[in-house]
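Each chain, letter by letter, is given below.
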Amino acid sequence: QVQLQESGPGLVEPSQTLSLTCTVSGGSITANKYHWSWIRQPPGKGLEWMGAIDYEGSNYYNPSLKSRTSISRDTSKNQFSLQLASVTPEDTAVYYCASLKNNYWGQGTEVTVSS
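Residues numbered from 1 in each chain as written. Predicted model: local features only at pLDDT ≥ 70, side-chain atom pairs only at ≥ 80, totals over all residues. Heavy atoms only, no water.

Draft legend 1. Main features of the side chain of Asn62. Note that Asn62 resides in the loop between strand S6 (59-61) and strand S7 (69-74). Of the polar contacts made by the side chain of Asn62, one reaches the side chain of Ser64; its length is 2.9 Å. (Helix = DSSP H or I, 4+ residues; strand = E, 2+ residues; numbered from the N terminus. Polar contact = N/O pair within 3.5 Å; in protein donor to acceptor, adjacent residues only side chain to side chain.)

Draft legend 2. Fine view of the pairing of strand S11 (residues 109-113). Only one face of S11 is covered, namely the face carrying Thr109, Val111 and Val113; the face carrying Glu110 and Thr112 is uncovered. As paired elements, strand S2 (residues 11-12) and S11 share two bridges and run parallel to each other. Counted as the bridge partner of Val12 is Val113 from S11. (Buried < 20%, exposed > 50% of the residue type's maximum accessible area, 1.4 Å probe, protein only. Pairing = 2+ DSSP bridges.)

Draft legend 3. The arrangement of the state of the cysteines in detail. Applying the stated criterion across every chain, the model contains one disulfide. Shown here is the disulfide that connects Cys22 with Cys97, its sulfur atoms set 2.1 Å apart. Here Cys22 and Cys97 share a disulfide; its torsion about the S-S bond, 65 degrees, makes the bridge right-handed. Here the residue Cys22 occupies a position in strand S3 (residues 18-25), and Cys97 occupies one in strand S9 (residues 93-99), the gap between them amounting to 75 residues. (Disulfide = S-S within 2.5 Å.)

Draft legend 4. How the structure looks around the nonpolar core. Ranked by size, the top nonpolar core spans 24 residues in total, and within it Leu18, Trp36, Trp38, Phe80, Leu82 and Tyr95 carry the most contacts. Elements with a contribution of two residues or more to this core: S3, strand S4 (35-41), strand S5 (48-54), strand S8 (79-84), S9 and S11. By residue number, the principal contributor to this core is S3, which donates four residues. For Phe80, the residues in contact, after removing those within four places along its chain, are Leu20, Thr21, Cys22, Val24, Trp36, Ser37, Trp38, Ile53, Ser72, Arg73, Cys97 and Ala98. (Core = buried A, V, L, I, M, F, W, Y, C linked by side-chain atoms within 4.5 Å. Contact = heavy atoms within 4.5 Å.)

Draft legend 5. How the structure looks around the sheet that holds S7. As summarised here, the arrangement of the four strands in space is S1-S3-S8-S7, forming an open sheet in which the pairing is antiparallel. Lying at the two open borders of the sheet, with one neighbouring strand each, are strand S1 (3-7) and S7. Taking the axes of each pair of neighbouring strands and ignoring which way they run, one obtains an average angle of 20 degrees across the sheet. As paired elements, S3 and S8 share six bridges and run antiparallel to each other. Considered in S8, the bridge of Leu20 is made with Leu82. (Axes fitted to C-alpha atoms, helices over the stretch in contact; angles between N-to-C directions.)

Draft legend 6. Structural view of unusual backbone geometry. Not every positive phi belongs to a glycine, and Ser15 is a case in point at roughly 80 degrees. Within the element layout of this structure, Ser15 appears in the loop between S2 and S3. Of note, Ser86 is a non-glycine position whose phi angle comes to about 50 degrees, a positive value. Here Ser86 is to be found in the loop between S8 and S9. For Ser86, a relative accessible area of 45% translates into the label partly exposed.

Structure follows, in structure tokens:
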């Protein structure tokens, strides 16, 4: 019943901030002590966990991306969001939102960084 859906621009210019939102339906992002994660997969590469926000709003980040990453939530809309600052073409990837413990995944959204 739980479904996740990513939304946001598919094209971002270098040096700008990539912003995506994950809308969760069928369950509350504040319930069940879940962690809500962002994961990405660049073309031809493996999955990279970026970070997460838990049911209380605490953040966890991949150290390699921490300086550029911010994950937040809007409990009134049952959404959580990703901001990745100062993007370069190397940030081009399919971006997923997920609850990994429960294997809930969005369908993914392609984001291209290009001028």
